[in-house]
Amino acid sequence: MTRQAEMLRFGRVERWVHWSVGILTLVCIATAAVLYNGSLAVLVGNRHIVETVHVWSGFALPIPLVLGLVSRAYRLDLRRLNRFVADDWKWLRFKARRVRAVGVGKFNAGQKLNGALSAGSIFVLLLTGTVMFFPSWSPLNWRTGATFVHDWFALAFGLLVVGHIVYALKDAEAMRGMRHGSVLRAWAENEHPEWKPRS
């Protein structure tokens with residue numbers, strides 16, 4: 001491909017944040033599966049090590065998100081993800097608009113929703129996980145509630161992550177953008193026609 005046929009979609013910091021959070025999330029999901037599934041727990045063994053890896057991976061999850069704030073491009077992408085416009089609601093309501101990507105900027109409405117739900121889930125899981133990990137900090141009824149909320153949010157977040165991976169694997173060009181930074185200009189113009197890329 002010629003240089004003219006490509007455009008930069010994600011810089012180094014944005015990709016680093018995405019993959020760091022992704023890896024930590026997958027470690028949390030895998031260790032949670034071992035901790036909650038008796039058969040897997042027996043197969044893997046070393047419950048204390050698995051639990052330690054799960055806890056510290058969970059505590060580490062927000063770190064890349066915060067460190068990424070040093071990047072201007074990353075902060076700009078956060079603002080884009082956090083802004084729903086009228087075309088985003090239309091994109092969600094009408095499948096035809098999704099196919100033609102009408103009014104879609106750098107991120108479509110599905111990506112914005114995924115970002116918001118992921119960020120919210122990480123916050124809730126971190127908060128409830130902290131309550132569970134430091135039992136002397138809170139009363140029993142708080143810990144009981146935190147465990148209930150943590151379990152259900154973890155399940156919902158796991159399904160969200162699976163959905164994200166499935167959609168990503170369906171779009172090789174989007175994956176290339178997250179792996180290498182650049183995408184084909186024709187793909188960007190078709191999928192994100194309102195996106196004004198950086199020079």
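## Quick word on the environment of Asp-151
With respect to the element layout, Asp-151 can be found in helix α9 (residues 140–170). Classification of Asp-151 by relative accessible area gives partly exposed; the value is 29%. Sequence separation between Asp-151 and Val-55 is 96 residues; the distance between their C-alpha atoms is 14 Å.

## Details of the pattern of salt bridges
Across all of its chains, the model carries 7 salt bridges by this definition. The shortest N-O distance in the salt bridge between Lys-106 and Asp-77 comes to 3.0 Å. A residue pair is termed long-range when its members are at least 10 positions apart, and Lys-106 in the loop between α7 (95–100) and α8 (109–133) and Asp-77 in helix α5 (residues 72–81) qualify at 29 residues. Of the residues examined, Lys-106 reaches a relative accessible area of 4% and is grouped as buried. With relative accessibility at 5%, the residue Asp-77 sits in the buried group.

## Here's the deal with the side chain of Thr-31
Looking at where Thr-31 falls in the secondary structure, it is placed in helix α1 (residues 12–36). Judged by relative accessible area, Thr-31 falls into the buried class, the value being 10%. Those residues in contact with Thr-31, other than ones at most four positions away along the chain, are Val-50, Val-53 and His-54.

## Considering the confidence of the model for the protein chain
Of the residues in the protein chain, 92% have a pLDDT of 70 or more, and the chain-wide mean is 88. The weakest mean pLDDT in the protein chain belongs to α7 at 65; the strongest belongs to helix α4 (residues 62–67) at 95.

## Focus on the side chain of His-54
When you line up the elements, His-54 lands in helix α3 (residues 47–60). Of the polar contacts made by the side chain of His-54, one reaches the backbone oxygen of Cys-28; its length is 3.1 Å. The residues contacting His-54, other than those within four sequence positions of it, are Cys-28, Thr-31, Ala-32, Leu-35 and His-150.

Basis of the calculations
Residue positions are given per chain, counting from 1 as you read along its sequence in written order. Confidence filtering applies because this is a predicted model: local features only for residues at pLDDT of at least 70, side-chain atom pairs given and counted only at 80 or more, and all residues used for totals across whole chains, interfaces and linings. Side-chain metrics in this entry use all non-hydrogen atoms of the structure; hydrogen atoms and water are not considered. Secondary structure elements are defined from DSSP: runs of H or I of at least 4 residues count as helices, runs of E of at least 2 residues count as strands, and each element is numbered from the N terminus. Residue exposure (1.4 Å probe, protein chains only): buried if accessible area is under 20% of the type maximum, exposed if over 50%, otherwise partly exposed. Between Lys or Arg on one side and Asp or Glu on the other, a salt bridge is scored when a side-chain nitrogen of the former is within 4 Å of a carboxyl oxygen of the latter. A contact between two residues is defined here by any heavy atoms of the two lying within 4.5 Å. What pLDDT reports is the predictor's confidence in each residue, on a scale of 0 through 100. Distance and chemistry together define a polar contact, namely a pair of N or O atoms within 3.5 Å, with one atom able to donate a hydrogen and the other to accept it when in protein, and with adjacent residues in sequence counting only for side-chain atoms on both sides.

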